[in-house]
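Below are the chains, spelled out letter by letter.
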Amino acid sequence: MFNKIIKRGNRKGARGDNAEAAARPAAPSSSSGSGGGGAGAAAPVTVNHASRATAPSPSSPTSPHVAPSALATNPAGAASPPLLEPLPLLRDVAAADRPGLFLRKLRIVAALFDLSDSLKHPREKEAKRQALLELVDYVQAPAQAAGANAPTRLPDHVQEALVAAISANIFRPLPPALHESAAAIDPGAAPDEEEEPYLDPSWPHLQLVYELLLRYVVSPDTDTKVAKRYVDHAFVLRLLDLFDSEDPREREYLKTVLHRIYGKFMVHRPFIRKAINNVFYRFIFETQRHNGIGELLEILGSIINGFALPMKEEHKLFLARALIPLHKPKSVAIYHQQLSYCIVQFVEKDYKLADTVIRGLLKYWPVTNCQKEVLFLGELEEVLEATQPAEFQRCMVPLFKQIGRCLNSSHFQVAERALFLWNNDHIVSLIAQNRVVIFPIIFEALERNIQSHWNQAVHGLTANVRKMFLDMDSELFEECQQQYMEKQAKAKEIQEQRESAWRQLEAVVAAKAAGDDMVLVN
């Protein structure tokens, strides 16, 4: 309890210390290769993961700033809050004046405030909120928001200013995560799985900014040939950095925005896939901590569903090198549902990948984590349901050796879940076609359950599976039973010989202890 209180106190303090840094603007740096037609697969992908630790300087030439025309500062030069100049509505001005007014409202949007304290700058925050609401409506439907004669497409320089204003708000240093705060106090402390998700106090404001970005991306009036100069590779990488946000509401918006960018900006598609790969690699092999793996997998599930056949070698490598190793981290339960969906999509697209997937599952099969075993067995059932007989035969021996170990698990949920595989008609059909190989592998496990498993439900399910085998092929069943009895008799004979040898050794030791002469044992 004391450690939990210390964690929360440290976490609040860290977020408070970062409030001023989070309020500074941070625009994405431009990418030299992102404006051309072939930018989609140009430069190698490098994901910046330093967003939690650093904040761009407000004096940097690449940082967006609030123009003097939009702000009326204190004439005395004191550090008082800026007073935002009141501006008319877009629909109330002439069409020729709207681009200029749009820019001035964007400068208001680019002004940053400490949103963690509702008592600071309330008038300025309200003016900014109203400007955001108006811009969202305008970008969503320019003709309806600004009048029937309004232009349907934003000028290029206005689009650039729009993306810069959005970047100034959403690209910020993320507050230290809970596990980072706990590690600073107690390096050996384990993360608290029951900890409530962090809800960013600035979210009501950030939501409008994300909505503005989403409307800009999905708008039919947004020309991708122009917009790709501003929604470039650097912008995409910084969006991916934000997926580590602890606020689930922000991750949900990021998922929608990135998915829409992938769908609309075809030139960015290879780059986005590679960037997501790099996030997975860092998570699997370095940190094993990331808040947005589930959301990224949801995006990939939709992408995989749209893969054309025959599948490219690039996609098969992604399955083998990124998706299957995602079963390794301890936190797999958090995103397992999305991961399982992606894996099954691959097998349904190309049935020949079933052997690769099943052997990958066996490679990362948990040894001591029973809850993970239950998850793996559920995923295995979905994969087997999409597996064809030829691919099943290639991996059935190591597969059913593992299933046999699960049948004898002392954790009743693992044993039950393994026995539930026989409730699937397709899996039973695959087993029946290859019963000569499979029966001898798992017969011993079934007999052990019948004789000694402590759980009555597992005992009953095992009896049902055993009867199913008997009905399927009685001759093979009797043969396996005979082999099992012979094996048991041989094991019993070996055990008796071992006990006899120990008794002889004990007799020798006892004789020496009594001072007798040396006894020779034949």
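Residues numbered from 1 in each chain as written. Predicted model: local features only at pLDDT ≥ 70, side-chain atom pairs only at ≥ 80, totals over all residues. Heavy atoms only, no water.

As recorded by an unreviewed UniProt entry, the chain carries the name Serine/threonine protein phosphatase 2A regulatory subunit and is attributed to Zea mays. One UniProt comment on the chain, placed under Subcellular location (unreviewed entry), says "Cytoplasm". (UniProt positions renumbered as here; feature names shortened; annotations may be inferred.)

This part covers a nonpolar patch on the surface. Together, Val-397, Val-436 and Val-437 give the surface a local cluster of nonpolar side chains, amounting to about 220 Å² of exposed area. On the basis of relative accessibility, which here comes to 34%, the residue Val-397 falls in the partly exposed class. (Patch = residues over 30% accessible without salt bridge, like charges linked within 9 Å, V, L, I, M, F, W, Y side chains within 5 Å. Areas by Shrake-Rupley, 256 points an atom, 1.4 Å probe, with all protein chains shown as cover. Salt bridge = Lys/Arg side-chain N within 4 Å of Asp/Glu carboxyl O. Buried < 20%, exposed > 50% of the residue type's maximum accessible area, 1.4 Å probe, protein only.)

Attention shifts here to helix 22 (residues 456–472). For helix 22, spanning 17 residues, the distance from its first C-alpha to its last is 24 Å, which sits close to the expected 24 Å at 1.5 Å a residue. Among the residues of helix 22, those classed as buried are Val-458, Thr-462, Val-465 and Phe-469. Seen along its axis, helix 22 keeps its buried residues to an arc of 65°; they face one direction. Exposed side chains of helix 22 directed beyond 90 degrees from the buried face belong to Gln-456 and Asp-471. Where helix 22 is buried, its residues touch helix 19 (412–419), helix 20 (425–433), helix 21 (435–452) and helix 23 (474–513). Two or three places before Ala-457, at the start of helix 22, stands the capping residue Asn-455, its side-chain oxygen 2.9 Å from that residue's backbone nitrogen. (Helix = DSSP H or I, 4+ residues; strand = E, 2+ residues; numbered from the N terminus. Expected span 1.5 Å × (residues − 1). Arc of directions from axis to C-beta. Contact = heavy atoms within 4.5 Å. Polar contact = N/O pair within 3.5 Å; in protein donor to acceptor, adjacent residues only side chain to side chain.)

As for its position among the elements, Ser-429 is in helix 20. In this structure, the C-alpha to C-alpha distance between Ser-429 and Pro-389, residues 40 residues apart in sequence, is 9.2 Å.

If you walk through the whole model with that rule in mind, you get 16 aromatic pairs. Seen in terms of ring centroids, Phe-171 and Phe-235 are 5.2 Å apart; in terms of plane orientation they differ by 70°. Their pairing is edge-to-face. On the criterion of sequence distance, the pair formed by Phe-171 in the loop between helix 6 (156–170) and helix 7 (178–185) and Phe-235 in helix 10 (residues 233–242) is long-range, its members being 64 residues apart. Phe-235 matches Phe-171 in its accessibility class, with the two residues each being buried. Among the aromatic residues, those joined into a cluster by ring pairs are Phe-392, Phe-400, Trp-422, Phe-439 and Phe-469. (Phe/Tyr/Trp six-rings, centres within 6.5 Å; stacked < 30°, edge-to-face > 60°.)

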